[in-house]
Amino acid sequence: MAVLVTGGAGYIGSHMVWALLDAGEDVVVLDRLSTGFRWAVPADARFYLGDVGDRAILRQIFAENDIGAILHFAGSIVVPQSVAHPLDYYENNTGNTRLLAAAAVEAGIRHFVFSSTAAVYGDQRDDTPVLESAPLNPKNPYGQSKLMSEMMLRDAAAAHDFRFVALRYFNVAGADPLGRAGLSTEGATHLIKIACEAELGKRRGVDIYGTDYPTPDGTGIRDYIHVSDLVDAHLKALSYLRRGGEPLIANCGYGRGYSVLEVLEAVVRAGGRKFEIRYGPRRPGDAASVVANSTLARRLLDWKPRHDDLDLIVETAIAWEKGLAARKAGDLRSLQHRLASARF
Ligand code: UDP
């Protein structure tokens, strides 16, 4: 039976597709290519261009493939954008997840893995690693839209022959150590991507958002998890569901946080070049410290992270960024070549 990966042309989804193929799975990808790239999808996966909210394309995919499980990555992820355009976020993240889950139930597809987020917790009261049972107070429509999806999945699982795992991601970063996938989306907002771009001279420097947090060096602390470990948690979630596991919501992080300054030091260490650092005010809505307690995923999914190393995360991110620059230069050269040889 095949696995359907929505958002398989995006950052985490494309890593997932490679990992599934490596594990010998049959893979089908659905992506509307709004932020993903067709070239990011391995040739061995069957690709459908379209929106998760399009019932007709879901029907076509289910008719043409024997889908046994859905890994649902497609979604909108930019927090400030979710504040400015909440209804778009509720449509794409909550409405389309509802539609996909309903289509799965109708088609008898029993296994569903959902991309959730640490944003469902909102502010953490202290810096102890957060458990799944912590209060849920999303501070923005993005976190809210994901939490609502978790609730729908829970209710659907109680009513139907349908099982799900929702993984609450902490700060996902890095790239495939084999160099096959990475974060390619333009207009990065995430710290490690921004710092790698600065390291390679693609931007002037990095602004630090806040130096007066109650943390040892005053900058924000996050739990950065390597994307390969995250997709491995999805593989484990899939096996868990296949052996009859009950619905589960679990954190995915390492349980150890790094400050913004520690991340920037790691980037300079890996790249060997200093870049400008500007110390600025806090970014609205940011928490001081967000660190996962992932005991549940380790215990129930038998998840064993293998890339728990900030230097490795940063090194793979820089390697991917260099490859992207080379790809762009290559694209430009081939465009120039085509223009030069074209007759007008
Ligand atoms: N951050 C920063 N400068 C940037 C981007 C992020 O200082 O250009 C900080 C941000 O305030 C937070 C941490 O880096 O403390 C991680 O932010 P990111 O946007 O990567 O992820 P978030 O935790 O907000 O999902």
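Residues numbered from 1 in each chain as written. Predicted model: local features only at pLDDT ≥ 70, side-chain atom pairs only at ≥ 80, totals over all residues. Heavy atoms only, no water.

In the annotation of an unreviewed UniProt entry, the protein chain is listed under the name UDP-glucose 4-epimerase and assigned to Neorhizobium petrolearium. Here the protein chain is described in UniProt, under the heading Subunit (unreviewed entry), as follows: "Homodimer." (UniProt positions renumbered as here; feature names shortened; annotations may be inferred.)

Engineer: Is there a simple way to think about the overall build of the protein chain in this case?
Structural biologist: A count of helical and extended segments in the protein chain gives ten helices and 14 strands. Compactness check: the protein chain gives a C-alpha radius of gyration of 20 Å against a globular reference of 20 Å for 344 residues, within 12% of the reference. By its C-alpha atoms, the protein chain is 65 × 55 × 40 Å across when sized along the principal axes. By the burial criterion, 52% of the 344 residues in the protein chain qualify as buried. Split by element, the accessible area of the protein chain, about 16000 Å² in all, is 53% carbon and sulfur. One finds the centroid of the 39 positive side-chain charges in the protein chain at a distance of 3 Å from the centroid of its 41 negative side-chain charges. (Helix = DSSP H or I, 4+ residues; strand = E, 2+ residues; numbered from the N terminus. Rg over C-alpha atoms; globule rule 2.2 N^0.38 Å. Buried < 20%, exposed > 50% of the residue type's maximum accessible area, 1.4 Å probe, protein only. Areas by Shrake-Rupley, 256 points an atom, 1.4 Å probe, with all protein chains shown as cover. Lys, Arg positive; Asp, Glu negative; His and termini not counted. Charge placed at Lys NZ, Arg CZ, Asp CG, Glu CD.)

Engineer: It is not clear to me how the sheet that holds strand 3 (residues 46-49) should be interpreted in this structure. Could you clarify?
Structural biologist: To summarise the sheet geometry, strands pair through backbone hydrogen bonds and adopt either a parallel or an antiparallel arrangement. A sheet is described by the order of its strands in space; here seven strands give the open sequence 3-2-1-4-5-6-11, paired in parallel fashion. Of all strands in the sheet, those bounded by a partner on one side alone are strand 3 and strand 11 (248-252). Pairs of neighbouring strands in the sheet enclose a mean axial angle of 20°, with direction left out of account. Note that strand 5 (residues 111-117) and strand 6 (residues 163-169) share seven bridges and pair parallel. Note on strand 6: the bridge partner recorded for S116 is R168. (Pairing = 2+ DSSP bridges. Axes fitted to C-alpha atoms, helices over the stretch in contact; angles between N-to-C directions.)

Engineer: Explain helix 7 (residues 227-242) here, please?
Structural biologist: For an α-helix, 3.6 residues make a turn, and residues three or four places apart therefore share a direction. A rise of 1.5 Å per residue sets the reference length of helix 7, with its 16 residues, at 22 Å; its end C-alpha atoms lie 23 Å apart and thus fit the reference within 8%. Considered for burial, the residues of helix 7 that qualify are V227, S228, D229, L230, V231, D232, A233, H234, A237, L238, Y240 and L241. (Expected span 1.5 Å × (residues − 1).)

Engineer: Could you clarify how one ought to interpret the pattern of salt bridges in this entry?
Structural biologist: Pairing is possible between side chains that carry opposite charge, provided their charged atoms lie close to one another. For the structure on display, the rule yields 18 salt bridges. Residue R180 is joined to D22 by a salt bridge in which the shortest nitrogen-to-oxygen separation is 2.9 Å. Remark: D22 occurs in helix 1 (residues 11-22) and R180 occurs in the loop between strand 7 (171-173) and helix 6 (191-199); sequence separation between them is 158 residues. Look at R180 and you get partly exposed, because its relative accessible area is 26%. Between D212 and R282 there is a salt bridge; the shortest N-O distance is 2.9 Å. Of this pair, D212 sits in the loop between strand 8 (205-209) and strand 9 (221-222) while R282 sits in the loop between strand 13 (276-280) and strand 14 (289-290), placing them 70 residues apart in sequence. Sharing partners across several salt bridges, the network here consists of R204, D207, E276 and R278. (Salt bridge = Lys/Arg side-chain N within 4 Å of Asp/Glu carboxyl O.)

Engineer: So what exactly am I meant to see when it comes to unusual backbone geometry here?
Structural biologist: Backbone phi values are negative for most residues with the exception of glycine, while trans is the configuration of most peptide bonds. A positive phi angle, close to 60°, is found at L33, a residue other than glycine. You can call L33 partly exposed: its relative accessible area is 29%. Of note, D302 is a non-glycine position whose phi angle comes to about 60°, a positive value. Among the secondary structure elements, D302 is positioned in the loop between helix 9 (295-300) and helix 10 (310-341).

Engineer: How should I be thinking about the site of the ligand in this particular structure?
Structural biologist: Near the ligand you find 14 residues, and of these L191, D207, Y209, R222 and D286 are the closest. The contact in question runs from an oxygen atom of the ligand to an N or O atom on the backbone of T189, over 3.4 Å. Residue H190 places a side-chain N or O atom 3.4 Å away from an oxygen atom belonging to the ligand. Out of a free accessible area of 510 Å², the ligand has 88% covered by protein chains. Looking at the shell around the ligand, the elements with two or more residues in it are helix 6 and strand 8. (Near = heavy atom within 4 Å. Polar contact = N/O pair within 3.5 Å; in protein donor to acceptor, adjacent residues only side chain to side chain.)

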